[in-house]
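An overview of the molecular structure
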Amino acid sequence: MFNKSKGKRGFFLEDYTLNPYSGCSFDCIYCYINGSKYADNTNSFYVKSNAINLVYTFLKRLYKNNERALLNLGSSSDPYMDIEKDLNLTREILKTFLRFKNPVHIITKSDLILKDIDILDKINEVAILPDDLKDNLNSKVIISFSFSTIDDEIAKIMEPNAPLPSDRLKTMKKLSNKGFKVGATFMPILPFISDSGDDLKEAIFEFSKNNCQYVIPGAMSLFGNNDESSRIKYYNAIKKYFPEYLDKTENLFYDKKSLVKKEYPSNKYQNGLYKKVRKYCSEYNISTTIIKNKLSKI
Ligand code: SF4
């Protein structure tokens, strides 16, 4: 249920990750949980029915020990997939966060988060940040909206069951205007589809128009080799919808020297990508980290 982050804070700043669900119904074809230890595929998911008890026990122990922690909801499953409408599991977990004055970082693609504004508001009022974050964060609620593209039509192919990017942008604006720390995890940026200078500039302009306070970029990664793996699902989609990019995409994830498939594109590709993101973020005055000038991935 709880995974402790190793060492010093990463770019999501969390001390622990926690996911109310396992697997994810949004079914993004590039999702790294496809064929991973987290789920066979993104067509199925599980509800962690004992989650509330476990969260209660965990947070009570932290509270008793006077230990403060930032918990991240949504590292390997969206906490606001559609079933949350009926189950309210994430909502109940947030209520437990509130009870123990615990701050939270939520990563989601869904506007369903709006149903929990009342709880998030209260968490923002009373939660206590870990000492090392106190002076750097003015919100006890961090909300990152996840994007691979801002194009609704492309998203319908790549993220078939997720709310559209245009809805995410509107939700981002609403929540940012409510006083939460709100930004975008722009990952994975889709090679040859959303990674050109023009595409990135347009996306970051849209983020800025919608009061996005930070953009954390990430290049594509592809894992596995079976039909359910992110690599094969992604290649199949490219073959069907963007056949002109298939060779280029496969080459990006292939090491010609060792003749093996790679999980990540070259450093050269990644550095070029991050350089462009940095340039446009600076143009639109958006940070590339949650805490300005700290923990930059790029
Ligand atoms: S929303 Fe996130 S966890 Fe869910 S399928 Fe998409 S990438 Fe995976």
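Scroll up to find the structure.
Residues numbered from 1 in each chain as written. Predicted model: local features only at pLDDT ≥ 70, side-chain atom pairs only at ≥ 80, totals over all residues. Heavy atoms only, no water.

1. A few points about the sheet that holds strand 8 (residues 181-189)
Worth spelling out the cut-off: Strands qualify as paired when DSSP identifies two bridges or more between them. Secondary structure counts use DSSP, requiring at least four H or I residues in a row for a helix and at least two E residues in a row for a strand, with both numbered from the N terminus. To get an axis, a line is fitted to the C-alpha atoms, and for a helix only the part in contact is used. The angle between two axes follows their N-to-C directions and goes from 0 to 180 degrees.
Taken in spatial order, the seven strands line up as 1-2-5-6-7-8-9 in an open sheet, and their pairing is mixed. Looking at which strands have only one partner, the edges of the open sheet turn out to be strand 1 (2-4) and strand 9 (215-219). With direction set aside, neighbouring strand axes in the sheet form an average angle of 20 degrees. Relative to strand 7 (residues 141-147), strand 6 (residues 104-108) is paired through five bridges, and the arrangement is parallel.

2. With respect to the pairing of strand 6
Our working rule: Think of it in three bands: with a 1.4 Å probe and only protein chains considered, a residue is buried below 20% of the maximum accessible area for its type, exposed above 50%, and partly exposed in between.
Counted residue by residue, strand 6 has five buried out of five residues, so it is predominantly covered. Here strand 6 shows a buried face lined by Val 104, Ile 106 and Thr 108 and a second buried face lined by His 105 and Ile 107. Where strand 5 (residues 71-73) and strand 6 come together, three bridges link them in parallel fashion. Bridge assignment links Leu 73 to a residue of strand 6, and that residue is Ile 106.

3. Re the packing of helix 1 (residues 51-64) against helix 3 (residues 89-99)
As a reminder, the rule being used: Put simply, angles under 35 degrees are roughly parallel, angles over 145 are roughly antiparallel, angles from 65 to 115 are roughly perpendicular, and the rest are oblique. If you view the pair so one helix is near and one far, a crossing is left-handed when the near helix is turned anticlockwise from the far one by less than a right angle, and right-handed when it is turned clockwise. Here, residues are in contact when the closest pair of their heavy atoms is within 4.5 Å. Under the convention adopted here, Pro, Cys and the residues Ala, Val, Leu, Ile, Met, Phe, Trp and Tyr are nonpolar, Asp, Glu, Lys and Arg are charged, and Gly plus all remaining residues are polar.
At their nearest, the axes of helix 1 and helix 3 sit 10 Å apart, and the two run at 15 degrees to each other. It follows from the interaxial angle that helix 1 and helix 3 lie roughly parallel. In terms of crossing hand, the pair formed by helix 1 and helix 3 is right-handed. Contacts between helix 1 and helix 3 involve Ala 51, Ile 52, Val 55, Tyr 56 and Leu 59 on the former and, on the latter, Leu 89, Glu 92, Ile 93, Thr 96, Phe 97 and Arg 99. Taken together, the residues of the contact of helix 1 with helix 3 sort by class into eight nonpolar, one polar and two charged.

4. Let's talk about helix 9 (residues 230-241)
Put simply, the test is: Helix span is expected to be 1.5 Å times the residue number reduced by one.
Compared with the 16 Å implied by 1.5 Å per residue over 12 residues, the 16 Å span of helix 9 between its first and last C-alpha is a close match. All of the buried residues along helix 9 are Ser 230, Arg 231, Ile 232, Lys 233, Tyr 234, Tyr 235, Ala 237 and Ile 238. Tucked inside the fold, the buried residues of helix 9 contact helix 6 (152-158), helix 10 (246-252) and strand 11 (260-261).

5. Regarding helix 7 (residues 165-177)
This is how it is decided: Note: the arc covers the axis-to-C-beta directions of the helix.
Here helix 7 spans 18 Å end to end across 13 residues, near enough to the 18 Å set by a 1.5 Å rise per residue. The set of residues buried in helix 7 consists of Pro 165, Arg 168, Leu 169, Thr 171, Met 172, Leu 175 and Ser 176. The arc enclosing the buried residues of helix 7, seen along the axis, measures out at 165 degrees, which places them on a common side. Facing away from the buried side of helix 7 by over 90 degrees, the exposed positions are Lys 170 and Asn 177. Taken together, the buried residues of helix 7 touch helix 4 (117-126), strand 7, helix 6, strand 8 and helix 8 (197-209). With its phi angle positive at about 100 degrees, Gly 179 sits one or two positions after the end of helix 7.

6. Some details on the site of the ligand
We apply this condition: Any residue with a heavy atom lying within 4 Å of a molecule or strand is counted as near it.
The environment of the ligand is formed by eight residues, the closest being Cys 24, Asp 27, Cys 28, Cys 31 and Lys 109. Class assignment of the residues belonging to the shell around the ligand gives a composition of four nonpolar, two polar and two charged.

7. Here we look at the nonpolar core
This is how the line gets drawn: Residues belong to a common nonpolar core when they are buried Ala, Val, Leu, Ile, Met, Phe, Trp, Tyr or Cys residues joined through side-chain atoms within 4.5 Å.
Core analysis: the largest hydrophobic core is formed by 76 residues, its most contacted members being Met 158, Phe 207 and Tyr 234. At six residues, helix 11 (residues 267-283) tops the list of elements feeding residues into this core.

8. With respect to the packing of helix 3 against helix 4
At a minimum axis distance of 9 Å, the contact between helix 3 and helix 4 shows a crossing angle of 20 degrees. The angle between helix 3 and helix 4 places the two elements in the roughly parallel class. Between helix 3 and helix 4 lies a crossing of left-handed hand. On the side of helix 3, the interface is formed by Arg 91, Leu 94, Lys 95, Phe 97 and Leu 98, while helix 4 contributes Asp 118, Ile 119, Leu 120, Lys 122, Ile 123 and Val 126. Of the residues contributing to the contact of helix 3 with helix 4, the split by class is seven nonpolar, no polar and four charged.

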